[in-house]
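Results of the structural survey
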Amino acid sequence: MLEKTYNPKDVEARLYRAWEDSGAFRAGNKPDAKPFTIVIPPPNVTGSLHIGHALNNTLQDILSRFERMRGRDVLWQPGMDHAGIATQLVVERQLAERQTSRQKLGREAFVKRVWEWKAESGGTILNQLKRLGASCDWSRERFTMDEGLSRAVTKVFVELHKQGLMYKDTRLVNWDPRLQTAVSDLEVDNIEIKGNLWHIKYPLADDPSVAITVATTRPETMLGDTAVAVHPDDERYKALVGKSVRLPLSDRLVAIIADAYADPEKGSGAVKITPAHDFNDYEVGRRHKLDEINILTLDGKINDNAPAAYRGMDRFEARKRVVADLEALGLLEKVEPVGHAVPHDEKTKTVVLEPMLTEQWYLNVKPLAERALGAVRDGRTKFVPERFADTYYRWLEDIRPWCVSRQLWWGHQIPAWYDDEKNIFVAETEAEARAQAKAKHGRDVTLTRDPDVLDTWFSSGLWPFSTLGWPDETPELKRYYPTDVLVTMFDIIFFWVARMMMFGLKFMDEVPFHTVYIHARVVDEKGQKMSKTRGNVIDPLTLIDEFGADALRFALAIAAAAGKDLRIGRSRVEIHRNFCTKIWNAARFCEMNGCVRTVGNDPSALTSTVNRWIVGELVRARNEVTAALDAYRFNDAAGGLYEFVWNVYCDWYLEFIKPILSGSDEAQKAETRATAAWVMDEMLRLMHPFIPFITEELWRVTGEQGPKRESLLISAAWPDYAKIARDPTAEAEMNWVKALITEVRSVRAEMNVPPASKLPLTLKTPSADERAWLDRHNELVLRLARLETAKAGELAKGSAQIVVGEGTAGLALEGFIDFDKERARLTKEVKKADGEIARIDAKLANKDFVARAPEEVIEEQREKRAEYEAARAKLGEALKRLG
């Protein structure tokens, strides 16, 4: 017996336990079935569920449940990422609260403390994913730092080193002076701040009365300048190329060089060159073989390569001192306030010491990238939507050596050892490294392990095959690799997707997935990016608490249109909570009217037109939903379900069958009850991947009557109607009845006809079928369209005309509305809509507005215009009906 209302809190935890206990999530239950594999983008061990995770995992779960019901052997591989910097920061903050630090603990004790933290608090997000309904195979949960994955990471590093692709080099890197580690170029946030542009005079060495002016936002770096560059074609400076200037404050001579990097149109046309502290300057320095003078320590202080007056100062303190000294010497030409982008570490928000000349480990990814590019170009892996392949191409075509080392303690320690002469021995174990050293020296020598760890994305790049047991040749690796689809967001196409492609092809000789589905970015209901400063961040767990997991899942799925930002907010989730309520109420209607599943019910042998019609509509909906999911059109699949369940089944079919259920034809009653129950059952199957909790609960309760259920809904088969033919005659008849009622309702609303007024309707049509349909369903039409009469005949003068099928229906409005008043109202509404359309057109034609406005604002204006256009067209139709 169904409760009056559905309360998600009463069922979700119970049902999730039932699924887990049944073994439904486990891969390998169908050894003869075709496998379907999907790997979860491993969330950070420090993370908690945000709305982006909710979308990403909802889409993965829809696919997993869908394919499981289609008979596939599904492995949805879960796990977590060790999140090097983020995790180290969390534990360091805890230590700071206890007035200690990792340095005081020492490396071994600190790493032990991180593992303790992981056991106590890490992985919160995985339990939160369970609340969402994620049907991962939790028995196979992996962690990027677990023993098996760590062995895979070590083997890959050693193999790449053996092949000459992994090497050490001294190059510029972005440096975090707080954590004192290299930071990936891609993990730098360039934040716009207000600063100054200082214009500094550099006197010529042979004539101090003449100076070249350069401008910089970082005057302290001038202490490391080794040249001034001018453009080769700049006539102002041609005579000076090859001469020198005396570097202020340092009293060093630096050359004036000609290089195309200098832009004659910017400032004075001359630029200071600091190869050790600027990426562009570094390239100029390499071209001209300039000295690289590093003037900063790893914690951001001025070092001994700078003049004594500045040594030991913090770089920002030194900036003030340098500016003051230049001013005192009369060498500061002017100070110009400017806004400029300053690189920050995206995790610590520390101003990056950009850049730092340090020795790091690098991977030559060019050969790997070429294979990864080829795999997408020849179609072995495709992007959905296709346009994201261009993003992938851009990254890989312009790829540079990957700095893989990080100066952290938490992570995969680099498997390299050094002897006292700095010889490097790379091996999978220390014993192997010692054997290499002994072979070189002829004796045992003391070795010291490299203290650095690998970039977190290095281990993540192995995820599709390391989680299946590689480097061992496991049965899981053989069965479930390559995986089928990767569901992710565009912002990690290079970070993660490209690296998995490169490593998969390199070590498995096969692409890691045949499809990469790139989902939308989640924004608020106004189209704005979510941020704490805006106060518009949405907590998915709060929404689950309030509306249930199914409402959130369906709201996300139905809004997940390819290529468009996904707007979400409380009101949208509430709408889909109402959808769940609608389903529950429909099931209660069936229960209260004796609609119970029966043995031997044959939906292909029905006698009632309305029952043949609903079965045909179900077949159509099933085919459309299946095709949409096969094409990763989640919004179309969810939208098709919404339309069928709410509109076709609940609003039309259940209304159509009420007279039958209350009538005296027992045979028709029995057929209709069985059909209504069977269609409800099939709807539960179709909806299950999207809203698993309520459908599973309805499956359980409705299974208490009628034939015994063979399994939980999660393990039931996806509907297959290959043997059920749609009935075009029944569809034409019932869809005509629907259209007539819908149009009458629309006219009543447009013309402000009072709800209690029952109008006469006349149908003029050459179609004998349509006249017969009106006669056969007359009682239904009168009740649902609120009509006094409905008959075939000639249209009365002054009727509002409705085109339906081959004929025209006339709705007699005389005496029910004031025609002149209604015509005036509609004309006014048309003018208002025209005014709004003109206002939006003017905005969109304004180049300044289009240039300044965020894309979401422009898109919002276009959507509003479309809404006004639709309203305008509807009003125009209403005016035509009035004559």
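The text that follows walks through the structure, step by step, so that each part is easy to find. The structure displayed is predicted, hence computed values, not measured ones.

1. A look at the overall build of the protein
Counting its secondary structure elements, the protein contains 29 helices and 29 strands. Dimensions of the protein, computed from C-alpha atoms along their principal axes, come out at roughly 110 × 70 × 55 Å. Each of the 883 residues in the protein was classed as buried or not, and the buried ones make up 54%. In the protein, the share of contacts with a sequence separation of at least 24, taken over all contacts with a separation of at least 6, comes to 77%.

2. Regarding the packing of aromatic side chains
Taken as a whole and assessed by the stated rule, the structure comprises 35 aromatic pairs. Ring plane angle 50 degrees and centroid distance 6.3 Å describe the contact between F503 and F507, whose orientation is recorded as tilted. With F503 and F507 both in helix α16 (residues 493-507) and 4 residues apart, this pair spans about one turn of that helix. Each member of the pair, F503 as well as F507, is classed as buried. Members of the aromatic cluster, each reached through a chain of ring pairs, are W402, F458, F465, W470, Y481, F503 and F507. The aromatic ring of W409 is capped on one face by R102, whose charged end is 4.8 Å from the ring centroid. In this structure, K118 packs its charged tip against the face of F143, placed 4.4 Å from the ring centre.

3. Remarks on helix α6 (residues 124-132)
Turning to α6, its buried residues are I125, L126, Q128, L129 and L132. Buried residues of α6, viewed axially, fall in a sector of 160 degrees; they line one side. Buried positions along α6 lie against α2 (51-69), β3 (79-80), α17 (540-547), α18 (549-558) and α23 (692-702). Downstream of α6 by a residue or two, G133 has a phi angle that is positive, lying close to 105 degrees.

4. Remarks on the pairing of strand β7 (residues 188-203)
Both β7 and strand β13 (residues 332-345) contribute to a ladder of 13 bridges, which runs antiparallel. Residue pairing for β13: N196 is matched across the bridge by P337. As defined by bridge partners, β7 adjoins strand β8 (residues 211-216) across 6 bridges and the pair is classed as antiparallel. Note that in β8 the partner of I200 across the bridge is V214.

5. Considerations on helix α1 (residues 8-22)
In a regular helix each residue adds 1.5 Å, so 15 residues correspond to 21 Å; α1 covers 21 Å between its end C-alpha atoms and thus fits that length. Inspection of α1 places P8, V11, E12, L15, Y16 and W19 among the buried residues, and these make up the whole buried set. Burial along α1 is one-sided: seen end-on, the buried residues are contained in an arc of 130 degrees. Exposed and oriented more than 90 degrees from the buried face of α1 are K9, D10 and D21. On its buried face, α1 sits against α2, α6, α17, α18 and α23. Positive phi shows up at G23, right after α1, with a value of about 80 degrees.

6. What to know about the nonpolar core
F458, F503 and Y649 are the most contacted members of the largest nonpolar core, which has 219 residues in total. If sequence neighbours within four positions are ignored, F458 has contacts with V153, V156, F157, L160, M166, W402, V404 and F503. Counting residues in hydrophobic clusters, the runner-up holds 36 residues, among them A270, Y310, A318 and L332.

7. Focus on the pattern of salt bridges
If you walk through the whole model with that rule in mind, you get 61 salt bridges. For R479, the salt bridge goes to D73, with nearest N and O atoms at 2.8 Å. One end of the pair, R479, is in helix α15 (residues 475-480); the other, D73, is in strand β2 (residues 73-77), with 406 residues separating them in the sequence. Looking at D73, the relative accessible area reads 2%, which means it is buried. R380 is the salt-bridge partner of D378, the closest N and O atoms lying 2.9 Å from each other. Under the relative-accessibility criterion, D378 is labelled partly exposed at 48%.

8. Some thoughts on the environment of A134
Looking at the secondary structure, you find A134 in the loop between α6 and β4 (142-143). C-alpha of A134 to C-alpha of Y16: the two residues are 118 residues apart in sequence and 9.2 Å apart in space.

9. Let's talk about unusual backbone geometry
The omega torsion of the bond from W470 to P471 falls at 15 degrees, within 30 degrees of zero and hence cis. Its location among the elements puts P471 in the loop between α14 (463-466) and α15. A cis amide bond links Y481 with the next residue in sequence, P482, at an omega value of 0 degrees. Mapped onto the elements, P482 comes out in the loop between α15 and β22 (483-489). A positive phi angle, near 55 degrees, is found at Q99, a position not held by glycine. Following the sequence through the fold, Q99 ends up in the loop between α3 (84-97) and α4 (102-105). The exposed category is assigned to Q99, whose relative accessible area is 65%. The backbone of N752 shows a phi angle near 60 degrees, a positive value even though the residue is not glycine. If you trace the backbone, N752 turns up in the loop between α24 (728-750) and β26 (759-764).

Rules behind the numbers
- Residues numbered from 1 in each chain as written.
- Predicted model: local features only at pLDDT ≥ 70, side-chain atom pairs only at ≥ 80, totals over all residues.
- Heavy atoms only, no water.
- Helix = DSSP H or I, 4+ residues; strand = E, 2+ residues; numbered from the N terminus.
- Buried < 20%, exposed > 50% of the residue type's maximum accessible area, 1.4 Å probe, protein only.
- Contact = heavy atoms within 4.5 Å.
- Phe/Tyr/Trp six-rings, centres within 6.5 Å; stacked < 30°, edge-to-face > 60°.
- Lys NZ or Arg CZ within 6 Å of the ring centre and 35° of its normal.
- Arc of directions from axis to C-beta.
- Pairing = 2+ DSSP bridges.
- Expected span 1.5 Å × (residues − 1).
- Core = buried A, V, L, I, M, F, W, Y, C linked by side-chain atoms within 4.5 Å.
- Salt bridge = Lys/Arg side-chain N within 4 Å of Asp/Glu carboxyl O.

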